[in-house]
Amino acid sequence: MSALLDVEELQVTFGRTAAVRGASFRVERGETHCLVGESGCGKSVTALAVMSLLARGGQRSAKKMSFAGTDLLSLSDREMARLRGNRMAMIFQEPMTSLNPAFTIGSQMAEVMTRHKGGSRAAALDRAAELMGRVGITAPGMRLGQFPHQLSGGLRQRVMIAMALMCDPELLIADEPTTALDVTVQAQILRLLAGLKRELGLSILLITHDLGIVARVADHVSVMYAGEVVERAPTAELFRAPQHPYTRGLLSCVPVPGRVQRDRPLGSIPGVVPAIGPGFAGCAFRSRCAHADETCARAIPRRRAGDAHDYLCRLEPDWAELQPA
Amino acid sequence: MTAAIEVENLRCEFRVHTGLMSAEKRVVAVDDVTFSVPAGSVLGIVGESGCGKSTLARLILGLLKPTAGTVLVDGKRLFDLDRKARARLIQPVFQDPFASLNPRRRIKDIVALPLAAQGTFSRGEIERRVGGILERVGLSAAMGERMPAQLSGGQRQRAAIARALVLEPRIVICDEPTSALDVSVQAQILNLLADLRRDLGLTYLFISHNLAVVEHVASEVAVMYLGRFVERNETDALFRKPRHPYTQALLESVLTPEPGKGVPDIGLGDAMPDPSNIPPGCRFNPRCRIAVERCRHEAPMPMARPPRGMVECHLA
Ligand SMILES: Nc1ncnc2c1ncn2[C@@H]1O[C@H](COP(=O)(O)OP(=O)(O)OP(=O)(O)O)[C@@H](O)[C@H]1O
Ligand SMILES: Nc1ncnc2c1ncn2[C@@H]1O[C@H](COP(=O)(O)OP(=O)(O)O)[C@@H](O)[C@H]1O
Ligand code: SF4
Ligand code: SF4
Ligand SMILES: [Mg+2]
Ligand SMILES: [Mg+2]
């Protein structure tokens, strides 16, 4: 069966900024796919491009962008609006930005449903209450009458998830849904998402900068760097045998509790992400890569390292074993 | 040897107005905290948002007057010192390097400011020291000529560290110094802070909500909940054998990069702690998995735990 969301060679520019430069990834049905990378690498822009929600001035192009067999590139604005919030829904890092402070939770949730599916407001409120229970909100009846600012951050994120589920979407895009939350609340929200995926057969595109989250919830991973997907792999394989030097560097930077050697420095990647202008060629990581040579300024091959594992680098698979970094 | 920081029965209350008609509320941000930090060591402080970490930092820096209790820094009361003497003794590094650097001045002038404010350094001496500290934190002389907006987040944090260290203080209060940074840059800054501490013999109070980061840098860790230290111990001991149920929950929620382990069930509930409404008995009891009847009316007292720590829990 074909992938639920299939994106090939997505490009997004804002004037002279190339925010996404040929990102390709696939979200299979019923899986959680993580898009991971550091700030500014183009994760949010990628998600917004898929939803056709790019800010003014954002130019999108792609070789392919299909959702459940529908070609998203050829949809009109109206057709896209019919999909959004309905068959594909999105939640954001800061729930307050997508909740209207002037309306109660209940009326905002009901509106999503009546807009897409019609039906009565009462039926929509019933469904809202049911879903709030489903996402672990106690006393949903009371919460429906409250305003967004009356809820804690964790509760607001649960409300956002419930709202995204109103129309039974096939795909949920979650952009750093727990970054603003405390670790204990983060664990609860991620558990909730994992349960929804399992029980509702939901597919999730989860955007994060946190490799710990990736390891614990993803089925497949796409690692982004400077607007490109530089490595794609099944999760266990990515952590066991990362191939791209950036992926390897990133993994070495994460302090892991219980394995800390306090007298030793953490692994780190020298330097910073370069500014990428139009016409940039070659590997964007070369200014920070210990293995860079003059060929890295030319076109870089996408190499295969396993069935569903590939990466963008001049080095052959398993270079790491030959030449420990 | 005198402790670098000595805090006794420290308390800080804020009065906040919640609305037009409603009465004034009392927020207890720091509630009777006692501890000391030996010179040359690193005390890490962890806890959820709003538990009072930054308030404690501001109290120790002398930026905030305590409601009760005392703070001694290097054996002196900060309120007895003038600003210049205070600046030579203790310096902060905050989370958001952008907000804490004047956007209209060059980096080297920002770093020079604490020296200039002392009024005792010649221009040549200032230039020499600024050049030295910039190099020490990994910023080139060319970077010194730039404005803050022209630096990356990690470079700005290096500049903030340079400014904190240019007067050669003995003690540095780091409040979430890497929370706004990417992991690869966070690693650079943590390594830099560790080198500086070793080479200059500094003492750190290191605040973070990231337990893995704290474990990496701290020699001792305190866990804060609703304004109190509920557990404190040497880092290895605390991570190996967390005693307080809240410490245990915090540790369990850390998502280590280990595929296949799934997301743990923390079971703390969404009842976020509210410092204007501290529960009677043990302040953690509404979220505690193992609370017993006694916890609801009797507050636990601090009890010593080996090797050099304490815990506040009836059952730990
Ligand atoms: N000036 C103030 N006036 C009123 N309340 C305050 C003030 N400063 C802090 N508080 C309150 O005191 C409590 C502790 O705040 P503090 O900033 O110390 O938390 P924190 O542990 O640093 O949290 P975070 O992890 O979010 O930085 C909070 O409830 C906060 O709202
Ligand atoms: N509305 C916009 N206008 C101009 N540039 C933008 C806009 N949104 C994002 N960008 C740029 O696109 C790049 C990728 O941003 P983003 O996708 O938000 O990164 P992240 O991976 O942190 O989510 C960044 O360089 C960012 O500055
Ligand atoms: S292509 Fe070259 S610079 Fe890029 S990651 Fe591979 S070796 Fe490093
Ligand atoms: S004193 Fe009771 S409520 Fe408090 S942490 Fe211990 S067991 Fe839990
Ligand atoms: Mg983003
Ligand atoms: Mg704080």
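Quick summary incoming for the structure in this document. (Residues numbered from 1 in each chain as written. Chains lettered and ligands numbered in written order. Predicted model: local features only at pLDDT ≥ 70, side-chain atom pairs only at ≥ 80, totals over all residues. Heavy atoms only, no water.)

### Quick look at the overall build of chain A
Consideration 1: Regarding its fold elements, chain A presents eleven helices and 13 strands.
Consideration 2: Relative to the 2.2 N^0.38 estimate, which gives 20 Å for 325 residues, the radius of gyration of chain A is 21 Å and therefore close to what a compact globule would have.
Consideration 3: For chain A, the spread of C-alpha atoms along the three principal axes comes to 65 × 50 × 35 Å.
Consideration 4: Counting over 325 residues, chain A shows a buried share of 53%.
Consideration 5: The long-range share in chain A, meaning contacts at least 24 apart out of those at least 6 apart in sequence, stands at 64%.
Consideration 6: Here chain A contributes 38 positive and 32 negative side-chain charges, whose respective centroids are spaced 3 Å apart. (Helix = DSSP H or I, 4+ residues; strand = E, 2+ residues; numbered from the N terminus. Rg over C-alpha atoms; globule rule 2.2 N^0.38 Å. Buried < 20%, exposed > 50% of the residue type's maximum accessible area, 1.4 Å probe, protein only. Contact = heavy atoms within 4.5 Å. Lys, Arg positive; Asp, Glu negative; His and termini not counted. Charge placed at Lys NZ, Arg CZ, Asp CG, Glu CD.)

### Section: the sheet that holds strand 8 (residues 171-175) of chain A
Residue and element names in this part refer to chain A.
Consideration 1: Strands sit in the order 7-8-9-3-10-11-13-12 across an open sheet of eight strands; the sheet is mixed. Strands at the two margins of the open sheet, each flanked by one partner only, are strand 7 (88-91) and strand 12 (302-306). Direction aside, neighbouring strands of the sheet carry axes that sit 20° apart on average.
Consideration 2: Sheet topology note: the strand 3 (residues 32-36)/strand 9 (residues 203-208) ladder contains five bridges and is parallel. In the sheet register, H33 faces strand 9, and the bridge partner there is L205. (Pairing = 2+ DSSP bridges. Axes fitted to C-alpha atoms, helices over the stretch in contact; angles between N-to-C directions.)

### A closer look at the packing of helix 6 (residues 153-165) of chain B against helix 7 (residues 183-200) of chain B
Residues and elements named next belong to chain B.
Consideration 1: Between helix 6 and helix 7, the shortest axis-to-axis distance is 10 Å and the interhelical angle comes to 20°. Considering the angle they form, helix 6 stands roughly parallel to helix 7. Between helix 6 and helix 7 the crossing geometry is right-handed. Across the interface between the two elements, G154, Q157, R158, I161 and L165 from helix 6 touch V185, Q188, I189, L192, L193, L196 and L200 from helix 7.
Consideration 2: Residues belonging to the contact of helix 6 with helix 7 are distributed by class as follows: eight nonpolar, three polar and one charged. (Parallel < 35°, antiparallel > 145°, perpendicular 65-115°, else oblique. Left-handed = near helix turned anticlockwise from the far one by under 90°. Nonpolar A, V, L, I, M, F, W, Y, C, P; charged D, E, K, R; others polar.)

### A look at a nonpolar patch on the surface
Consideration 1: Nonpolar side chains collect at one region of the surface, where I290, V292 and L315 of chain B lie side by side and expose about 240 Å² of accessible area between them.
Consideration 2: Tracing the chain through its elements places I290 of chain B in the loop between helix 10 (245-252) and strand 11 (303-305). (Patch = residues over 30% accessible without salt bridge, like charges linked within 9 Å, V, L, I, M, F, W, Y side chains within 5 Å. Areas by Shrake-Rupley, 256 points an atom, 1.4 Å probe, with all protein chains shown as cover. Salt bridge = Lys/Arg side-chain N within 4 Å of Asp/Glu carboxyl O.)

### Concerning the site of ligand 3
Residue and element names in this part refer to chain A.
Consideration 1: The local shell around ligand 3 holds 13 residues, among which C283, C289, C296, C313 and R314 are the closest.
Consideration 2: Most atoms of ligand 3, that is more than half of them, are within 2 Å of grid points of the largest cavity.
Consideration 3: Its residues placed into classes, the shell around ligand 3 shows nine nonpolar, two polar and two charged. (Near = heavy atom within 4 Å. 1 Å grid on protein atoms, 1.4 Å probe; cavity = no way out; pocket = protein on both sides within 12 Å on 5 of 7 lines; lining within 4 Å. Sits in = over half its atoms within 2 Å of the grid points.)

### Here's the deal with empty space enclosed by the protein
To find the voids left in a structure, one rolls a probe of water-molecule size over its atoms.
Residues and elements named next belong to chain A.
Consideration 1: Enumeration according to the criterion identifies five cavities of 30 Å³ or more in this entry.
Consideration 2: There is about 90 Å³ of room inside the largest cavity.
Consideration 3: Lining the largest cavity are 14 residues, with C283, C289, C296, C313 and R314 sitting closest to its centre.
Consideration 4: When its residues are assigned to classes, the lining of the largest cavity shows ten nonpolar, two polar and two charged.
Consideration 5: Of the voids in this model, the second largest cavity is the one considered here, and its volume is about 70 Å³. (Points joined across faces, edges and corners; volume = space filled by probe spheres on them.)

### Considering the site of ligand 1
Residues and elements named next belong to chain B.
Consideration 1: Close to ligand 1 lie 14 residues; S49, G50, K53, S54 and T55 are nearest.
Consideration 2: S49 is positioned such that a nitrogen or oxygen atom in its side chain is 2.6 Å from an oxygen atom of ligand 1.
Consideration 3: Measuring from an oxygen atom of ligand 1, one finds a backbone N or O atom of G50 at 2.7 Å.
Consideration 4: Contact with the protein chains hides 65% of the accessible area of ligand 1, taken as 640 Å² for the molecule alone.
Consideration 5: Put simply, the parts of the chain that give the shell around ligand 1 at least two residues each are strand 1 (5-17), strand 2 (24-37) and helix 1 (53-61).
Consideration 6: Considering each element in turn, the shell around ligand 1 owes the most residues, four residues, to helix 1.
Consideration 7: In terms of residue class, the shell around ligand 1 is built from six nonpolar, five polar and three charged. (Polar contact = N/O pair within 3.5 Å; in protein donor to acceptor, adjacent residues only side chain to side chain.)

### Digging into the environment of T67 of chain B
Consideration 1: Relative to the helices and strands, T67 of chain B resides in the loop between helix 1 and strand 4 (68-73).
Consideration 2: Looking at T67 of chain B, its side chain comes within polar contact range of the main-chain nitrogen of E13 of chain B, at 2.8 Å.

### Things to note about the sheet that holds strand 1 of chain B
Residues and elements named next belong to chain B.
Consideration 1: The strand order 2-1-4-5 describes an open sheet built from four strands, whose pairing is antiparallel. Strands with a single pairing partner mark the edges of an open sheet, and in this sheet they are strand 2 and strand 5 (76-77).
Consideration 2: As judged from the five bridges shared by strand 1 and strand 4, these two strands associate in the antiparallel manner. Of the residues in strand 4, the one forming a bridge with V7 is V71.
Consideration 3: This element, helix 1, spans strand 1, strand 2 and strand 4 of the sheet and lies at about 120° to strand 1.

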